[in-house]
There are 2 protein chains.
Amino acid sequence: MSRAISGATRLYVLLGDPLDKARSPEYYNAVFAARGIDAVLVPMEVAPAGFDALIRALKTVRNLDGLIVTMPHKQTVLAHLDRLGDAARQVGAANVARREADGLWFGDMYDGPGFVEGLRARGIEPARRSIYMAGCGGVARAIALALAQAGVARMRLHDIDAQRCAALVETLRAQYSRLACESGAADPAEFDLAINATPLGMRPGDALPFDVARLTPSTAVADVTTKPEITPLLAAARERGCPIATGRDMFEAQTALAEQLFGWSR
Amino acid sequence: MSRAISGATRLYVLLGDPLDKARSPEYYNAVFAARGIDAVLVPMEVAPAGFDALIRALKTVRNLDGLIVTMPHKQTVLAHLDRLGDAARQVGAANVARREADGLWFGDMYDGPGFVEGLRARGIEPARRSIYMAGCGGVARAIALALAQAGVARMRLHDIDAQRCAALVETLRAQYSRLACESGAADPAEFDLAINATPLGMRPGDALPFDVARLTPSTAVADVTTKPEITPLLAAARERGCPIATGRDMFEAQTALAEQLFGWSR
């Protein structure tokens, strides 16, 4: 049963730009309703130019308990947090923030851990495996660091921006000396897991992020897009008999972590 | 049917301090649900020190369409509005604000018009009548100016702060030269309408704002408090046979005006 918003309702704000496709308001408000929690999550679409002033102002709102942060603010938010979880510190970005009992703000980054847990929910264990990943942007960076942390053996990264790709390879090598990591050709053949961490697949008519003809059924394929959940890549991979993990798997694992952080998971 | 909040939901914010007794979130969100409007009103409890920065920041939020403003921010908000309705300009305060098509902000003050319309909804017409009012604070000021505008003949004001009372009398005299207006003793006898515009009656054990023994059944009695709706004053007046108008009558008339302003009243 949905509970009416009153003057005493606790507030959570989703910050991003754009937000029209964001899933978290529907998801978290359903959690509040199901568990009888007197709280609401509302979207606030704000451009980078307005972000710093908005977050500083929101912190003065007495009934604000937390923030969910999405693109393009995941890096910028760090300057407003007093304490960071390991993943946030490692990635240099955060997507959840909580006001703590002493009034200070704690933030963490659940994109990477959520991706890894989403794989495991589908029975795909990345430890000691080889990974091909298309895309080296913000989400890819979080995922690559979480996969390294989870103990993958080998990683090949590919991005149309070669410099960005090389930078992420450097980061991974610096932090995980035992990880075999390289930038390389856009070819997923003979990897245990092929990941799309580019936006390709969100819009009808997008090219595939890599050549599915190179996949054998032994390669698992994962995508980060939630709308649509089954991207053309995942549909083609499934058709070839590959195990798949979707953006929704990642999203649900992330929300489980956020629910734990905010203390809603009872 | 309640509609789920999504990333595309339009936002309205209630600004005040404290807000735990505020009625507008429940009321307006019920309006949105009943009319299938994809919008939500959330409370933001903020102290005066944080108000200016918060409202400036909120204006940069792309999906924010309007504000409801309550104590202690009704005066402060004026500096953030580009256009004012007549009542807002006259009172020097606003309690509703809307982002207009050109991006500028329009604000108005519905406390006074809402009070007058609330009386009328109970069949009490203030034009050409005599009024006794206890309290000369912000709400009283808005009500007194709206009553003067509605054509009352005579008004006596009383406040424990004599200077505040004299100031409001001066304002009324300056703007309404034909209105007989005075500050005077706390005695509602022989007035057509006696109003409590003080906070007395919100808390159990509060003194009555004036002596009900002085009331005859020909005097209507009105109160501005919504919680409780029937204050000890109104209960005593009703017992003596006086017509009454409640804070809820005022609130409902105000919300009808706000619904019209925001375009929800179809």
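It should be emphasised that the depicted structure is a prediction, and the values quoted were computed from it without experimental measurement.

> How should the sheet that holds strand 9 (residues 180-183) of chain B be read in this particular structure?
Sheet strands pair by backbone hydrogen bonding; their relative direction is either parallel or antiparallel. Residue and element names in this part refer to chain B. Spatially, 9-8-7-10-11-12 is the arrangement adopted by the six strands of the open sheet, whose pairing is parallel. A strand with exactly one partner marks an edge of an open sheet, and here the two such strands are strand 9 and strand 12 (244-245). Here helix 6 (residues 162-175) sits on the sheet and contacts strand 8 (154-158) and strand 9; the angle it forms with strand 9, its principal contact strand, is near 170°.

> Can you walk me through unusual backbone geometry in this structure?
Most of the time, phi is negative for any residue but glycine, and the peptide bond is trans. Residue and element names in this part refer to chain A. The omega torsion of the bond from D17 to P18 falls at 0°, within 30 degrees of zero and hence cis. Within the chain, E190 stands out as a residue other than glycine whose phi angle is a positive 70°. Along the chain, E190 turns up in the loop between strand 9 (180-183) and strand 10 (193-196).

> I would appreciate a short explanation of the packing of helix 2 (residues 48-58) of chain A against helix 2 (residues 48-58) of chain B in the present structure.
Relative placement of two packed helices is described by the angle separating their axes and the distance separating the axes. One way to put it is that helix 2 of chain A packs onto helix 2 of chain B with a least axis distance of 8 Å and a crossing angle of 135°. With respect to helix 2 of chain B, the element helix 2 of chain A is oriented oblique. Relative to helix 2 of chain B, the crossing made by helix 2 of chain A is left-handed. Here helix 2 of chain A contributes A53(A), L54(A), A57(A) and L58(A) to the contact with helix 2 of chain B, which in turn contributes A53(B), L54(B), A57(B) and L58(B). Class assignment of the residues belonging to the contact of helix 2 of chain A with helix 2 of chain B gives a composition of eight nonpolar, no polar and no charged.

> Can you help me understand the nonpolar core in this one?
Nonpolar side chains tend to gather and get buried jointly when the protein is soluble and globular. Counting residues in hydrophobic clusters, the biggest one holds 125 residues, and the most contacted among them are M155(A) and M155(B). If we ignore the near neighbours within four places in the chain, the residues touching M155(B) are I131(B), A144(B), L147(B), A148(B), L172(B), L179(B), A180(B), C181(B) and E182(B).

> Would you take a moment to explain the relation of the copies chain A and chain B for this structure?
Between the two chain copies there is a screw-like relation: a rotation about an axis and a shift along it. Overlay of chain A on chain B (RMSD 0.0 Å): rotation 180°, translation along the axis 0.0 Å. The symmetry that links the two subunits is that of a two-fold axis. A shared binding surface is used by both copies, with 100% of the interface residues of chain A retained as interface residues in chain B.

Calculation rules
- Residues numbered from 1 in each chain as written.
- Chains lettered and ligands numbered in written order.
- Predicted model: local features only at pLDDT ≥ 70, side-chain atom pairs only at ≥ 80, totals over all residues.
- Heavy atoms only, no water.
- Pairing = 2+ DSSP bridges.
- Helix = DSSP H or I, 4+ residues; strand = E, 2+ residues; numbered from the N terminus.
- Contact = heavy atoms within 4.5 Å.
- Axes fitted to C-alpha atoms, helices over the stretch in contact; angles between N-to-C directions.
- Parallel < 35°, antiparallel > 145°, perpendicular 65-115°, else oblique.
- Left-handed = near helix turned anticlockwise from the far one by under 90°.
- Nonpolar A, V, L, I, M, F, W, Y, C, P; charged D, E, K, R; others polar.
- Core = buried A, V, L, I, M, F, W, Y, C linked by side-chain atoms within 4.5 Å.
- Buried < 20%, exposed > 50% of the residue type's maximum accessible area, 1.4 Å probe, protein only.
- Least-squares fit on C-alpha atoms with pLDDT ≥ 70 in both.

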